[in-house]
Amino acid sequence: MLVDIDLLTSYGGFIESHSPSDIIFEEGDEPQFYYQVITGSVKLNHINEDGKELIQSILSDGQSVCELLSFIKETFPVNAVAISECTIIKVPIKKFLKLLDDHRQAARDVQQFVAERLYHKFIMMQNNASKYSHVRIEGILKYFKSFSDEQSQYSYELPLTRKQLAAITGLRIETVIRTVKKMETEKVLKIKNRKIYF
DNA sequence: TCATTAATTTGGC
DNA sequence: GCCAAATTAATGA
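Thresholds, definitions, all that
Residues numbered from 1 in each chain as written. Chains lettered and ligands numbered in written order. Predicted model: local features only at pLDDT ≥ 70, side-chain atom pairs only at ≥ 80, totals over all residues. Heavy atoms only, no water. Domains from an automatic or database assignment. Buried area = accessible area lost by both parts, 1.4 Å probe. Salt bridge = Lys/Arg side-chain N within 4 Å of Asp/Glu carboxyl O. Polar contact = N/O pair within 3.5 Å; in protein donor to acceptor, adjacent residues only side chain to side chain. Nonpolar A, V, L, I, M, F, W, Y, C, P; charged D, E, K, R; others polar. Near = heavy atom within 4 Å.

Student: What is the right way to read the domain arrangement of chain A from this model?
Tutor: Size of an interface, as often reported, equals the accessible area lost when the parts are brought together. Per the domain assignment, the segments of chain A are domain 1 (5-116) and domain 2 (130-197). For domain 1 versus domain 2, the separation of C-alpha centres amounts to 26 Å. Taking both sides of the interface into account, the surface hidden between domain 1 and domain 2 amounts to around 640 Å²; carbon and sulfur atoms contribute 57%. On the domain 1 side of the interface with domain 2, the three residues burying the most area are Ile55, Ile58 and Gln63, jointly 59% of the side's total. Across the contact surface, domain 1 and domain 2 share zero salt bridges. Inspection of the domain 1/domain 2 interface yields one residue pair in polar contact (both at pLDDT 80 or more). Considering only residue class, the side of domain 1 that touches domain 2 consists of four nonpolar, two polar and two charged.

Student: How should the protein's contact with DNA strand C be read in this particular structure?
Tutor: Taken together, the residues surrounding DNA strand C are Arg172, Glu174, Thr175, Arg178 and Arg194. Close to the protein, within 4 Å, the atoms of DNA strand C belong to sugar or phosphate groups at a rate of 67%. Its residues assigned to classes, the surface near DNA strand C shows no nonpolar, one polar and four charged.

As structure tokens, then:
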């Protein structure tokens, strides 16, 4: 957990529950809260001019959502949509900033998290700029697996559908399906019941 | 539960 | 890579 729930609660944090496909906030909205996922997962996406979805990020247990906007005055550049049943804690931004002032350790943790996200964003952008579909897909697999404690081969079950994988990598869904199958024959990953194990 | 919709997969271009 | 069609899974009335 990025910031302790009790601490967030003591600074005016309150919990909300969402079902899959619930919109938590929309592109262009003014950020009013700091959001942290307690359970479940949330995607940050953008719909481009062709109506295609680009998933910028997927956040799960313990991670915060667009926390950087607590510090600058801009509107959300993405939509946040629940992709599973989830509980989220919201803290008004002013109170959240006060929390960071009062609690040095929490401020450091948030700083660290922002730095990690930025670092991963660089890597993902480089992978997704590759002309090779397997490079893009493996990049995402590694990124997701990096949050898992279990690192042995094929131990990680990718919590993404083919469609979501396509929306993250910018590839076509058919390309994702065919590339993933090829990667299975090359023993990069395993497929069981349509799920990807990496 | 059944009907509808969404996701997945295959094949042709 | 794009489109269409067939199959399968998920959703919801």
